[in-house]
Amino acid sequence: MLSCRRPPPSQHAFLHRAHLFRNSLRIRPCPGRDDMAKRQRTSEMDPVREKSYFEQQREALLGDIALSFEHVLANINKLNRSLESVIEVGNEFSSVEALWSQFENVMAKDEAKHQGEKTEPPGDEGHE
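Rules used throughout
- Residues numbered from 1 in each chain as written.
- Predicted model: local features only at pLDDT ≥ 70, side-chain atom pairs only at ≥ 80, totals over all residues.
- Heavy atoms only, no water.
- Helix = DSSP H or I, 4+ residues; strand = E, 2+ residues; numbered from the N terminus.
- Buried < 20%, exposed > 50% of the residue type's maximum accessible area, 1.4 Å probe, protein only.
- Areas by Shrake-Rupley, 256 points an atom, 1.4 Å probe, with all protein chains shown as cover.
- pLDDT = per-residue confidence, 0-100.
- Patch = residues over 30% accessible without salt bridge, like charges linked within 9 Å, V, L, I, M, F, W, Y side chains within 5 Å.
- Salt bridge = Lys/Arg side-chain N within 4 Å of Asp/Glu carboxyl O.

Here the focus is the overall build of the protein chain. Scanning the protein chain from terminus to terminus reveals 4 helices and 0 strands. Counting from the amino terminus, helix and strand elements in the protein chain follow one another as α-α-α-α. Buried residues in the protein chain amount to 2% of all 128 residues. For the protein chain, the computed accessible surface area is about 12,400 Å², with 60% contributed by carbon and sulfur atoms.

Here the protein chain averages 76 in pLDDT, and 54% of its residues register 70 or above. Least confident of the elements in the protein chain is helix α2 (residues 34-45), whose mean pLDDT is 57; most confident is helix α3 (residues 53-92), at 96.

So, about a nonpolar patch on the surface. A contiguous nonpolar surface patch, about 620 Å² in accessible area, is contributed by Val-89, Phe-93, Val-96, Trp-100, Phe-103 and Met-107. For the nonpolar patch, the element with the most residues is helix α4 (residues 94-118), which contributes 4 residues.

Moving on, we get to the pattern of salt bridges. This model, assessed by the stated rule, comprises 2 salt bridges. Residues Lys-51 and Glu-59 are paired through a salt bridge, measuring 2.5 Å at the closest nitrogen-oxygen approach. Its relative accessible area of 42% is what places Lys-51 among the partly exposed residues. By relative accessible area, Glu-59 is classed as partly exposed at 41%.

So, in structure tokens, the structure goes:
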């Protein structure tokens, strides 16, 4: 006896999305090709039929693509964590950078002051 009971809402939504995804992967017949459309409908209704080589390969490739996307996502997350740690280390050196910047400014002012004292007035060169 068949049950008409609906699945729970979360399972129902999942099954609905799976159905939509499955339908989006189907190859649509060209207009005017009624016999091909009939063959496709009859083969879709037959639950025992074997999958064609194309369908098997498509499923294998979709699985490989999904796995590759998971690897890409994992690597992007790893890269994000690495960048965050680099930024964190860089932020730790901000106080050291400010100190060196002050030191450089003080040394530049002191050097300019000494350069001004060392310059002699023009015209005094070569006279003893």
